[in-house]
Amino acid sequence: MKIEESSIVETNDYRVIIYPASRPFETKEAKAITEKLFDFLATWAAHGKPLSSSFKIEKNQFIVICVDEEKETASGCSIDALGKIMREIDEQYQLGLFDRMKASFVENGDVKTLKLIDFKNKIRSGELSKDIQVFDFSKNTYLDFLGHFLLPFEKSWAVSIK
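Note that the structure is predicted; figures quoted are calculated from it, not measured. (Residues numbered from 1 in each chain as written. Predicted model: local features only at pLDDT ≥ 70, side-chain atom pairs only at ≥ 80, totals over all residues. Heavy atoms only, no water.)

(A) Region of interest: helix 1 (residues 27–43). With 17 residues, helix 1 extends 25 Å between its outermost C-alpha atoms, agreeing within 8% with the 24 Å of an ideal straight helix rising 1.5 Å per residue. Those residues of helix 1 lying buried are Glu29, Ala30, Ile33, Leu37, Phe40 and Leu41. Across the axial projection of helix 1, the buried residues extend over an arc of 100°, all falling on one side. Of the residues in helix 1, the exposed ones pointing more than 90 degrees away from the buried face are Thr27, Lys28, Lys31, Phe38, Asp39, Ala42 and Thr43. Considering only its buried residues, helix 1 is in contact with strand 4 (53–58), strand 5 (62–67) and helix 2 (76–93). (Helix = DSSP H or I, 4+ residues; strand = E, 2+ residues; numbered from the N terminus. Expected span 1.5 Å × (residues − 1). Buried < 20%, exposed > 50% of the residue type's maximum accessible area, 1.4 Å probe, protein only. Arc of directions from axis to C-beta. Contact = heavy atoms within 4.5 Å.)

Shown next, in the form of structure tokens:
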């Protein structure tokens with residue numbers, strides 16, 4: 001299963017885990033991360049049973065892991081193994097993959113990431129236009145990811161910032 005190919009049947013709602021980086025990947029980093037994840041997912045298993053999984057690097061900044069849990073459920077140990085490999089990638093490239101106190105958005109066609117407090121302050125002050133699109137890293141199914149990962153400001157979680 002490769003989630004970037006159109007052969008996916010969109011009625012299957014695969015589990016999605018999103019790892020947002022604090023910055024775009026350099027070309028060499030993206031290549032190395034792709035190789036490392038490809039190798040890991042080829043052997044990823046839960047209780048000895050292979051997990052049907054894939055990944056994609058979205059917008060050159062977000063790692064999206066996808067697993068078909070209708071075939072085999074990702075267990076605690078398998079999720080821990082994924083976390084371990086992601087921590088290794090994070091430490092090697094200093095990506096901030098586990099820092100959830102940030103906001104990423106698209107402004108004038110460019111993906112930008114700010115500390116959450118800075119994002120909120122810029123929204124409140126009007127320094128950041130509400131004509132932006134905002135990413136939502138809380139998506140945990142493929143269909144939700146497809147339809148709601150990047151939303152206009154007025155339909156995003158950020159609209160509640162007062």
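Still more to cover.
(B) Main features of the environment of Ser104. Within the secondary structure, Ser104 is located in strand 6 (residues 102–107). Judged by its relative accessible area of 0%, Ser104 is buried. Sequence separation of Ser104 and Leu128 is 24 residues, and the distance between their C-alpha atoms is 12 Å. Setting aside chain neighbours within four positions, we find Ser104 in contact with Gln61, Phe62, Lys112, Thr113, Val134, Phe135 and Phe137. Engagement of the side chain of Ser104 in a polar contact is seen with the side chain of Thr113, the distance being 2.7 Å. (Polar contact = N/O pair within 3.5 Å; in protein donor to acceptor, adjacent residues only side chain to side chain.)

(C) Region of the structure containing the sheet that holds strand 4. Taken in spatial order, the 3 strands line up as 1-5-4 in an open sheet, and their pairing is antiparallel. Lying at the two open borders of the sheet, with one neighbouring strand each, are strand 1 (15–20) and strand 4. The average undirected angle you get between the axes of adjacent strands in this sheet is 20°. By the bridge criterion, 6 bridges tie strand 1 to strand 5 in an arrangement that is antiparallel. Bridge assignment links Ile18 to a residue of strand 5, and that residue is Val64. Sheet strands touched by helix 2: strand 1 and strand 5. Its angle to strand 1, the strand with the most contacts, is close to 25°. (Pairing = 2+ DSSP bridges. Axes fitted to C-alpha atoms, helices over the stretch in contact; angles between N-to-C directions.)

(D) Inspection of the pattern of salt bridges at higher detail. Applying the stated rule across the entire model yields 10 salt bridges. Put simply, Glu69 and Arg15 hold a salt bridge, and the shortest N to O gap is 3.2 Å. Taken together, the residues span a long stretch of sequence, with Glu69 in the loop between strand 5 and helix 2 and Arg15 in strand 1 at a distance of 54 residues. Residue class for Arg15 comes out partly exposed when judged on its relative accessible area of 28%. (Salt bridge = Lys/Arg side-chain N within 4 Å of Asp/Glu carboxyl O.)

Everything listed here is a matter of coordinates, which is why it stays silent on function.
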